[in-house]
Amino acid sequence: MSEADPRNATDARTPPVAVWQILEKLRGQDLTDWRLAEVKGRASVEARNLDNGIPFGWYPIDLSADLAVGEVKPLHYFAKDLAMWRGEDGQVRIVDAYCRHLGAHMGHGGKVNGNLLECPFHAWRYDGNEGVVKDIPYARVIPPQVKRKCVRTWHVVEVNRWIWAWYHPHDVEPLWEVTALPEAIDPDWTDYEVHEWNVWGSLQNMAENGVDFAHFKYIHGTADVPQGDLRWGEWGRGADVKAKMGTPMGEVDGLISYDTMGPGQSWTRFTGISETLMIACLTPVSEDHVHARFCFTQPKAQAEGPMGRLAKGLIRDICKQFDQDKVVWDRQKFEPSPIICDGDGPIPQFRKFYSRFYAQQD
């Protein structure tokens, strides 16, 4: 029996799973580059059945600490060009990027004037709350078309040390709030350790992983097919998944407890090996491109103590599991009528739940 035989798998940190043939030689900068690089030659959005729109909800945009007062940033999410800035009052504002005057992208070269965003072309100054032009420094009269709302403004909140924007194709008011996680601002927990990917697939295919129990063994090399106790709410869902986890000291009983609020906010608490909170920041760039960032935090006493090495190892293992999933997601097609067998998990129930987040697109 060769070392690649799955029956030899006793340590889930180095699983002899099929996707490992793609990942096994990637280390250091090569792995980082692979995580972010565009996948060439993938099938079209239409051929992969990914053209059903972007689900609505709150989505993470940037770490709060990465946008200073007076700073402007260009963004591209939700298949839209956007401009984001933090005014002198500390509030973050986001608007559609293009100036109604002559079409300059205000995220590139624009500047903050008080709490207004000033276009780099002719200094037209936009209010990010009302979506109107408040000032044109060289003109005696502001055109009436831009005295009323002329650019889309986005609902923005800051929670869990992240900036969140509400997306809905019809600009409907937010239907729920972002869930605050106490560990994210607890001084006894570590600063975020952040890891980043570009996934060239759909947010729904990625979300389906949480109820696809069988894949844990065959993609991630868990010692068995885990079982999950599922929770379903109006806008959120979750599960407690019990699994045997491989460690250098052998198998241990692990618990993975994850929750979501809408399609854009997801968090997972890991116990068994090392207490860890992972905030998964998944933001759609387009229908077949998701910008993924994982933020990890752990109790400082654990991370900085004798268990620190094991705690770091858990984070590496979680990232490796995401790498394994990405191999599939990058070219995965959405199957609207999948053939399901016993043991797959409640995929039909998940799809019925997830369908509520789609609206007719513009």
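For the structure, check the block above.
About the thresholds
Residues numbered from 1 in each chain as written. Predicted model: local features only at pLDDT ≥ 70, side-chain atom pairs only at ≥ 80, totals over all residues. Heavy atoms only, no water. Core = buried A, V, L, I, M, F, W, Y, C linked by side-chain atoms within 4.5 Å. Buried < 20%, exposed > 50% of the residue type's maximum accessible area, 1.4 Å probe, protein only. Helix = DSSP H or I, 4+ residues; strand = E, 2+ residues; numbered from the N terminus. Contact = heavy atoms within 4.5 Å. Pairing = 2+ DSSP bridges.

(A) Region of interest: the nonpolar core. One finds I61, F78 and F294 to be the most contacted residues of the largest nonpolar core, which totals 66 residues. If you tally residues by element for this core, the top one is strand β16 (residues 276–286), at 7 residues. Contacts of F78, omitting those with residues within four sequence positions, involve I54, Y59, I61, W154, Y167, T283, P284 and V285. C99, M106, I136 and C150 belong to the second-largest nonpolar core, a separate cluster that totals 18 residues.

(B) Spotlight on unusual backbone geometry. Notably, F78 is not glycine yet its phi reads approximately 60°, a positive angle. Mapping F78 onto the fold places it in the loop between β2 (72–77) and β3 (80–86). Its identity as a non-glycine residue notwithstanding, R161 has a phi of 70°, on the positive side. Topologically, R161 is positioned in the loop between β9 (156–159) and β10 (162–167). We classify R161 as partly exposed; its relative accessible area is 30%.

(C) Region of the structure containing the sheet that holds strand β6 (residues 116–118). Strand order in this open sheet of 4 strands is β5-β6-β7-β8, and the pairing throughout is antiparallel. Looking at which strands have only one partner, the edges of the open sheet turn out to be β5 (111–113) and β8 (133–135). In this sheet, strand β7 (residues 125–126) lies alongside β6 in antiparallel orientation, the contact comprising 2 bridges. If you follow L117 over to β7, its bridge partner there is Y126.

Purely geometric stuff here, so don't read any function into it on its own.
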